[in-house]
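Given next are the chains, with one letter for each unit.
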Amino acid sequence: MRRLLFVIIALATLFPSLAQAYEVLVLQSSRNAGYEQALKGFRSGCIASQRVVVLSDYAEVDVVRIVREERPRLILAIGDAALAAARKIRQTPVVAVMSFGINAKANLTGITMFAPPTKYCKLFNQLKVHNVGIIHNPDKTGWYLDTAQKAAEKVGIKLIVRKVASPRETLAQLDSLAGKVDALWMLPDTTAVTRETVEAYFRFGQQQAVPVVSFAASYLGMGAAAAVEIDTIEMGRQAGDMANALLRGSRIDTIPLVAPRGTKYRINQSVLGKLDINETTE
Amino acid sequence: MLPYMRPLNFRSSFQYRLFRVFTLLTAFIAIVFLTIYITFEIRNQRAHISAQLHLQAQHLAETIRLPLYAENRPVLQQLAEGATYQIPNLRGVVIKASNGKVLTDVRLPGSDNNADVIEETVEVRSDTLASSPESAISGGTEPGPTLIGKVSLKRSTEDLLLMSYRLVAISCAMTVGFWLTVSLICYLVLRRVTKSFNALMQGIRAMQSGDLSARINVISDDEPGRAASAVNDLANALSARTIELENANRELEAFNYSVSHDLRKPLTVIYSYCQFIQEFCSHNLDTQCREYLREICEGSQRMNQLIDTLLEFASLTRSELHQENVDLSEIARNAAKGLVLIEPHRRVSLCITEGINVKGDRNLLQVAMDNLLSNAWKFTSKREEAVIEFGVMEDEGMPTYYVRDNGNGFGMTDANKLFIPFHRLPGTGVDGHGIGLATVERIIKRHGGRIWAEGEPEKGATFYFTL
């Protein structure tokens, strides 16, 4: 009888621990469709056990405590809010996706939100434009612009760059590009592109009759001529591959920050038609 | 003239009163509806202008969103000034940043007078379609457009005032037109509706004026029509009764005349034989018998005089009137002379106004004046200094003649009994048959006049008459 009681107590204390035992803690910023697709892709690429915490479902989530108590082997941060929460963790490796603020850190790697510049350059070639305007904040997207400059030079495209330190400067810088560019390259720069300034890009494109190439298909409806859209499922799958490597024992400093491998072109035919640009295909 | 004989005043007519009530009521209702309509319309116009200004402010807000976010004052100033040219009656544009800082304030003359200005303020928010890069990629929804600033438009209401004046003028003109039309229709309807009523009133007025043969034209079977029929029936009955009375009166007068005439013959025989006995057989009679015979003679004479009076009274209504200009003053003077001759010893002061001329039957008027003056003469017989006066005065615009004395007088309670034939007031102590004043009344009535008396016991009497 005493033995049976011991077994019952042991099972009662052990079962919750067993239920919480997992390898990957998935921190998801919210239940947005893009995040869900990224998670879906991750699950298809990584079969390790997971616990998903959607931060927007709670008023406050103590990620440090969760990690300390549950000790996952890996954290997948989906979105900027999730990345901000994961930054508090120092020991556990973090793979970040769907975030604009990923930068090099000891325990952090992931996939950037910036499609390879070659993809854009290829599109500009198809659009037959040579002078492409870019507005960006060097502190946030300076590293990307360097690669973009190199890629553009290779295909004979001249990038006319304007730098901004605050969103309000964007409008003046856009005005300074009037008459000097054949197309506008809208970078996913959270300083240069905000809710208040995004309209100015498309108004500029309309007034100057130049195509605006964006990074998200949702801007096509506002007047973008084309977009190089990131395949979020593929991005999740790419993160799953990273996670598998880390779970297999690879060191995180051997896995660099990479660009998304899955991208696709989206075009707005009516805008292109108004700009007298022939139909473009990938 | 009696009150009910007055001609019908238009203002007091039934038709006019109804018309007045209808028109005043219609005017009142029209004014009430006019006021409500104008008030509603002006409020509506003001609301419309406010809504229009709100839309214009929203349009301007859409236009200035980007320069407002960039706080580009020159562009904002240019857009605000452009708005003042494009939007009519605009008096001012104020653009503020989200922190309340005024970036542009364009004011035109007249914008400070808040009484004549409508102001609309619109918030300038980020484009609802615009999304941040995070949302654009993740497919998330934004919490809502962010506030960038505010734009206020001030607009004058001068055009609204002009519009209101025009509205009031047109509405008033239409109301007056409506009122006049309704009043005209009301008048025509009332005229038709009250036609039978007017016919009834015309008929009654004709009957009142003495035309008993007049009948009311019954033109409908409504209430006035039925009343007209009833009045016609009454008039017929009255007419028949009048004829009966006239016949009876004529028979009575004929009876009176024949009785008086037939009595005279045996009376003459009695009187003649009494005279004969007195002259030829009185010596055969004793003193007592002669006294009786004298009483019989005197009685016969008095009876003869009474018969003469009756015949004369009866003839007043039978003889025809011969109208001519008559000098009443002269008649009065002659009558007074006769009275003085009869009793020359009496001290009577006779005051007769000269130049009283009337139109009437000379003989009848002479009888009337004889009676009135002899009446005054008789009733002042006890006065040492009697005063008898004949004159004329104005009463309600008509000449009224009078005979006044300072004789015995009478109480006013007996005033109506003075003119009853053969009726004498008790305690007068004056000889007579009681037919004199009745004769005067009949003569005055035959002339279409009226006679009445005023008196006070022991102070005198005044007889007034009109012709």
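Criteria and thresholds
- Residues numbered from 1 in each chain as written.
- Chains lettered and ligands numbered in written order.
- Predicted model: local features only at pLDDT ≥ 70, side-chain atom pairs only at ≥ 80, totals over all residues.
- Heavy atoms only, no water.
- Helix = DSSP H or I, 4+ residues; strand = E, 2+ residues; numbered from the N terminus.
- Rg over C-alpha atoms; globule rule 2.2 N^0.38 Å.
- Buried < 20%, exposed > 50% of the residue type's maximum accessible area, 1.4 Å probe, protein only.
- Contact = heavy atoms within 4.5 Å.
- Areas by Shrake-Rupley, 256 points an atom, 1.4 Å probe, with all protein chains shown as cover.
- Pairing = 2+ DSSP bridges.
- Axes fitted to C-alpha atoms, helices over the stretch in contact; angles between N-to-C directions.
- Domains from an automatic or database assignment.
- Phe/Tyr/Trp six-rings, centres within 6.5 Å; stacked < 30°, edge-to-face > 60°.
- Core = buried A, V, L, I, M, F, W, Y, C linked by side-chain atoms within 4.5 Å.
- Salt bridge = Lys/Arg side-chain N within 4 Å of Asp/Glu carboxyl O.
- Parallel < 35°, antiparallel > 145°, perpendicular 65-115°, else oblique.
- Left-handed = near helix turned anticlockwise from the far one by under 90°.
- Nonpolar A, V, L, I, M, F, W, Y, C, P; charged D, E, K, R; others polar.
- Buried area = accessible area lost by both parts, 1.4 Å probe.
- Polar contact = N/O pair within 3.5 Å; in protein donor to acceptor, adjacent residues only side chain to side chain.

Within chain B one finds 10 helices and 11 strands. What you see for chain B is a C-alpha radius of gyration of 51 Å, clearly larger than the 23 Å of a compact globule of 467 residues, by over 25%. Expressed as lengths along the three principal axes of its C-alpha atoms, the size of chain B is roughly 180 × 55 × 35 Å. Relative to its full complement of 467 residues, chain B shows a buried share of 36%. Within chain B, counting contacts between residues at least 6 apart in sequence, those at least 24 apart form 70% of the total. As displayed, chain B has an accessible area near 28000 Å², and 57% of this comes from carbon and sulfur atoms.

Right, let's talk about the sheet that holds strand E10 (residues 451-456) of chain B for a bit. Residue and element names in this part refer to chain B. Pairing is mixed in the open sheet, where five strands are placed in the order E6-E8-E9-E11-E10. Every other strand in the sheet has two partners, leaving strand E6 (348-352) and E10 as the edge strands with one partner each. Ignoring strand direction, the axes of neighbouring strands in this sheet form an average angle of 20°. As judged from the eight bridges shared by strand E8 (residues 386-395) and strand E9 (residues 398-405), these two strands associate in the antiparallel manner. Opposite Phe 390, over in E9, you have Val 403 as the bridge partner.

As a further point, take the pairing of strand E10 (residues 226-230) of chain A. Residues and elements named next belong to chain A. Burial analysis of E10 places five of its five residues in the buried class, the great majority of the element. Pairing between strand E9 (residues 212-214) and E10: two bridges, direction parallel. The residue bridging Val 213 from the neighbouring strand is Ala 226, located in E10. Across five bridges, E10 lies against strand E11 (residues 263-267) in antiparallel orientation. Residue Ala 226 lies in a different strand from E11, and its bridge partner there is Ile 267.

Okay, the domain arrangement of chain A next. Segmenting chain A into domains produces domain 1 (2-112 + 232-260) and domain 2 (117-214). Distance between the C-alpha centres of domain 1 of chain A and domain 2 of chain A: 35 Å.

All names here are of chain A. In this structure the tally under the stated criterion is 15 aromatic pairs over all chains. Aromatic side chains Phe 215 and Tyr 219 sit 5.5 Å apart centroid to centroid with 80° between the ring planes, which places their arrangement in the edge-to-face category. A relative accessible area of 2% places Phe 215 in the buried class. Using a relative accessible area of 0% as the deciding quantity, one classes Tyr 219 as buried. Here the aromatic residues Phe 114, Tyr 120, Phe 124, Trp 143, Tyr 144 and Trp 185 are joined through ring pairs into a cluster of three or more.

Moving on to the nonpolar core. Phe124(A), Trp185(A), Tyr219(A) and Val93(B) are the most contacted members of the largest nonpolar core, which totals 111 residues. Tallying contributions element by element places helix H1 (residues 14-70) of chain B first for this core, with nine residues. The contacts of Val93(B), once residues within four sequence positions are left out, are Leu60(B), Ala80(B), Ala83(B), Thr84(B), Thr104(B), Asp105(B), Val106(B), Val151(B), Ser152(B) and Leu153(B). Counting 42 residues, the second-largest nonpolar core is a separate cluster that includes Ile331(B), Leu373(B), Phe390(B) and Ile444(B).

The next point concerns the pattern of salt bridges. Applying the stated criterion across every chain, the model contains 31 salt bridges over all chains. In this structure, the salt-bridge partner of Glu234(A) is Arg261(A), at a minimum N-O distance of 2.5 Å. Of this pair, Glu234(A) sits in helix H9 (residues 232-247) while Arg261(A) sits in the loop between H9 and E11; the two residues are 27 residues apart in sequence, bridging distant segments of the chain. By relative accessible area, Glu234(A) is classed as buried at 17%. For Arg294(B), the salt bridge is made with Glu298(B), and the minimal N-O distance between the two is 2.5 Å. One end of the pair, Arg294(B), and the other, Glu298(B), are both in helix H7 (residues 287-318), four residues apart, so they sit about a helical turn from each other. Through salt bridges with shared partners, a single network forms among Glu199(A), Arg203(A), Glu62(B) and Arg65(B).

Let us now look at the packing of H1(B) against helix H4 (residues 158-193) of chain B. Residues and elements named next belong to chain B. Contact geometry for H1 and H4: axes closest at 9 Å, N-to-C directions at 160°. Taken together, H1 and H4 sit at an angle that is classed as roughly antiparallel. Remark: the crossing between H1 and H4 carries right-handed chirality. In terms of residue class, the contact of H1 with H4 is built from 21 nonpolar, eight polar and four charged.

Attention shifts here to the sheet that holds strand E6 (residues 131-136) of chain A. All names here are of chain A. The strand order across the open sheet built from six strands is E7-E6-E8-E9-E10-E11, with neighbouring strands paired in mixed fashion. The open sheet has two free edges, formed respectively by strand E7 (158-163) and E11, since each of these has just one partner strand. Taken pair by pair, the neighbouring strands of this sheet meet at an average axis angle of 20°, ignoring direction. Docked against the sheet, helix H5 (residues 117-127) engages E6, strand E8 (183-185), E9, E10 and E11, running at close to 155° with respect to E9.

For the rest of this paragraph, the subject is the domain arrangement of chain B. Residues and elements named next belong to chain B. Entries for chain B in the domain assignment read domain 1 (17-132 + 142-165), domain 2 (224-315) and domain 3 (322-465). One C-alpha centre belongs to domain 2, the other to domain 3, and the line joining them spans 25 Å. Taken together, both faces of the contact between domain 2 and domain 3 bury some 650 Å²; the carbon and sulfur share is 71%. Looking only at domain 2, the three residues that lose the most surface to domain 3 are Leu 306, Thr 309 and Phe 313, adding up to 69% of its buried area. Where domain 2 meets domain 3, there are zero salt bridges. Counting the contacts that link domain 2 with domain 3 gives zero residue pairs in polar contact (both at pLDDT 80 or more). A per-element tally of the side of domain 2 that touches domain 3 places H7 first, with five residues.

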